[in-house]
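Listed below, chain by chain, are the residues.
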Amino acid sequence: MSETGEEKKFIKEAFDSNWVVPLGPNVSGFEADLEEYINYPVDGRNLEKKVVALSAGTAAIHLALVNLGVKAGDEVICQSFTFAASANPVVYQGATPVFIDSEPSTWNMDPNLLEDAIKDRIAKGKKPKAIIPVYLYGMPAYIDEIMEIANRYEIPVLEDAAEGFGSRYRGQVCGTFGEYGVMSFNGNKMITTSGGGALICPNEEKAKRILFYATQAREPLPYYEHEHIGYNYRMSNICAGIGRGQMTIVNDHLAHHVHTKDVYKEAFADIDGIELHVAPEEYMEPNYWLNTITVDPDKFGMDYEQLRQVLDKANIESRPLWKPMHMQPVFKDAPAYVNGVSENLFKVGLCLPSGPMVTDEDLAYIVETIKNTKK
Ligand SMILES: Cc1ncc(COP(=O)(O)O)c(C=O)c1O
């Protein structure tokens, strides 16, 4: 399938109109496209979220934490089973991440452990300043349960939907449940701007504040006056042009990822020891950004790493699942509430090729290679 849509048209327009800067018609056009994509009536309720386009998903997490008032010495709860970019901005603020393990069906934040951790941190005299659940590999989390706990303890939620663009939970786009939601348009994501991200904000006022921090926190005066520390995190008009083009084919991309899931699902149903990770509830609609499997060495005859090496020799790129943050040397001193789920997944899981360039022929070759590998 085609990886690209009308990107060149939007980029050409940017050059023709001399908007080769971090603002301009493509930036506001891309934001409008994203707002249209996420805001629609759900259960008779109309979402009216605002989107601010930024230089990266990591920048979006960072600015959300800034706006939430996270400061040095604070604690922020973060899903442990994730990519480091979910947690790093907590440290940029001088705060400490408190890691929460996953539950086994979505592989995302375990709501029970979340509540245990909140109670424990409060008992220790430190109420967490925010909660960062993640939609890992595009799989929705048990967000209703997480939101219920967060609301009860009055702790804001910042959803890391960097991998979950277009995933839905009870019909609503992931990233629109909490106070803030993060999108990433890095090269490997559902849609790309070459590099970029965006923050979903609850209203115009908060979006304006995010924009203020993203553009060096300049006070509204004719000269350069600064009362706050700012950042250079705005998306450029060129990148936004790519994003606008990608939005013309986003539904094709989503359909393709779901198609790869269907092919893998059917094929692996017959292979003992290989299990595809699929939505555990019918009200969850993952984007299947990356299709992931777990390998049972007793049934399959080899472990995930041996399988990875076989695939590698056959020119098929597969990757181990994310190594949980509580196992990372850089976070060894951070508090963690664990149950063994993510640690176990890390020891048995692989990500399989799933992107728009993976053809049906490729899928057949991948499936055949895995079938022929089984001992
Ligand atoms: C879960 C998760 N969070 C955050 C990010 C950061 O996004 P970006 O690369 O756009 O900074 C990524 C991807 O890179 C990610 O996978």
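Residues numbered from 1 in each chain as written. Predicted model: local features only at pLDDT ≥ 70, side-chain atom pairs only at ≥ 80, totals over all residues.

With respect to the overall build of the protein
Heads up, the rule is: In this description a helix means any DSSP run of H or I spanning at least four residues, a strand means any run of E spanning at least two, and both kinds are numbered starting from the N terminus. It is over C-alpha atoms that the radius of gyration is taken, and the globule rule equals 2.2 Å times the number of residues to the power 0.38. Any residue whose C-beta has 12 or fewer other C-beta atoms within 10 Å is treated as exposed, any with 20 or more as buried, and any in between as partly exposed, C-beta atoms being built from the backbone.
Tallying secondary structure elements over the protein gives 13 helices and 17 strands in all. Against the 2.2 N^0.38 benchmark of 21 Å for 375 residues, the protein shows a C-alpha radius of gyration of 21 Å, consistent with a compact globule. Seen through its C-alpha atoms, the protein measures out along the principal axes to roughly 70 × 60 × 45 Å. Split into buried and exposed, the 375 residues of the protein put 47% on the buried side.

Some remarks on the packing of helix H2 (residues 25-38) against helix H8 (residues 237-247)
The condition is simple: All axes are obtained by fitting lines to C-alpha atoms, using only the stretch in contact for helices, and the reported angles, taken between N-to-C directions, cover 0 to 180 degrees. Less than a right angle of anticlockwise turn of the near helix away from the far helix marks a crossing as left-handed, whereas a clockwise turn marks it as right-handed. Contact definition: two residues whose C-beta atoms, as placed from backbone geometry, lie within 7 Å. Charged means Asp, Glu, Lys or Arg here, nonpolar means Ala, Val, Leu, Ile, Met, Phe, Trp, Tyr, Cys or Pro, and polar covers whatever is left, Gly included.
Relative to each other, H2 and H8 sit at 35°, their axes nearing to 8 Å. Considering how the two elements wind past one another, H2 and H8 form a crossing that is left-handed. From H2, Asn 26, Val 27, Gly 29, Phe 30 and Asp 33 reach across to H8, where they touch Asn 237, Ala 240, Gly 241, Gly 243, Arg 244 and Met 247. Per-class residue counts for the contact of H2 with H8 are four nonpolar, five polar and two charged.

Some points on the domain arrangement of the protein
Selection rule: As used throughout, domain bounds are those supplied by an automatic or database domain assignment.
We note that the domain assignment places domain 1 (7-249) and domain 2 (251-373) within the protein. Between the C-alpha centres of domain 1 and domain 2 there is a distance of 25 Å. Opposite the 38 residues of domain 1 that make contact, domain 2 presents 30 residues. For the side of domain 1 that touches domain 2, the elements supplying multiple residues, two or more each, are strand S5 (96-100), helix H5 (111-123) and strand S8 (168-169). Taken together, the residues of the side of domain 1 that touches domain 2 break down into 21 nonpolar, 10 polar and seven charged.

A closer look at the site of the ligand
Rules: We call a residue near a molecule or strand when its C-beta atom, built from the backbone, sits within 6 Å of it.
Around the ligand sit 14 residues, and of these Ala 56, Gly 57, Thr 58, Ala 162 and Ser 184 come closest. Partitioned by chemical class, the residues of the shell around the ligand number five nonpolar, seven polar and two charged.

A look at unusual backbone geometry
Glycine aside, negative phi is the norm for most residues, and most peptide bonds take the trans geometry. Backbone geometry places Arg 170, a non-glycine residue, at a positive phi of 45°. Inspection of the secondary structure puts Arg 170 in the loop between S8 and strand S9 (172-173). With phi around 50°, Ala 217 is a residue other than glycine that occupies positive phi space. Here Ala 217 is to be found in the loop between helix H7 (204-214) and H8. Judged by the 16 C-beta atoms lying within 10 Å of it, Ala 217 is partly exposed.

Topic: the sheet that holds S9
Condition: Two strands qualify as a pair provided DSSP detects at least 2 bridges between them.
As summarised here, the arrangement of the three strands in space is S9-S8-S13, forming an open sheet in which the pairing is antiparallel. Among the strands making up the open sheet, the edge pair consists of S9 and strand S13 (284-285). Judged from the two bridges that link them, S8 and S13 form a sheet pairing that is antiparallel. Within S13, the position partnered with Tyr 169 by the bridge is Met 284.

Here we look at the sheet that holds strand S17 (residues 349-352)
Consider a sheet: its strands pair through backbone hydrogen bonds, and that pairing is either parallel or antiparallel. The four strands lie next to each other as S12-S14-S17-S15, forming an open sheet whose pairing is antiparallel. Every interior strand has two partners, whereas the edge strands, strand S12 (274-276) and strand S15 (319-320), have only one. When S15 meets S17, the two strands line up antiparallel, connected through two bridges. Note on S17: the bridge partner recorded for Arg 319 is Cys 351.

Describing the nonpolar core
The criterion, for reference: To count as a nonpolar core, a set of buried Ala, Val, Leu, Ile, Met, Phe, Trp, Tyr and Cys residues must be joined through C-beta atoms within 7 Å.
Residues Val 52, Leu 54, Ala 60, Leu 63, Val 76, Ala 198 and Leu 199 are the most contacted members of the largest nonpolar core, which totals 94 residues. No other element matches the seven residues that helix H3 (residues 57-67) contributes to this core. For Leu 199, the contacting residues outside a window of four places in its chain are Val 52, Leu 54, Ala 60, Leu 63, Ala 64, Tyr 180, Val 182 and Ile 210.

Section: the pairing of strand S10 (residues 180-184)
Within S10, five of the five residues are buried, leaving the element largely enclosed by the surrounding structure. Every second residue of S10 is oriented toward a common face, with Tyr 180, Val 182 and Ser 184 on one face and Gly 181 and Met 183 on the other, all of them buried. Judged from the three bridges that link them, strand S7 (residues 158-160) and S10 form a sheet pairing that is parallel. Of the residues in S10, the one forming a bridge with Glu 159 is Gly 181. Relative to strand S11 (residues 197-201), S10 runs antiparallel, the two sharing four bridges. Across the sheet, residue Ser 184 finds its bridge partner in S11, namely Gly 197.

Section: H8
A large share of H8 lies buried, amounting to 11 of its 11 residues. The inward-facing, buried residues of H8 abut helix H1 (7-16), H2, strand S3 (50-54) and helix H9 (250-268).

A few points about the environment of Pro 140
Of note, Pro 140 is situated in the loop between strand S6 (131-132) and helix H6 (143-152). Pro 140 gets classed as buried once you count the C-beta atoms within 10 Å, which come to 27. Between the C-alpha atoms of Pro 140 and Trp 107, which are 33 residues apart in sequence, the distance is 9.2 Å. Residue contacts for Pro 140: discarding those within four places in its chain leaves Thr 106, Tyr 135, Ser 167, Tyr 169, Cys 174, Met 284 and Pro 286.

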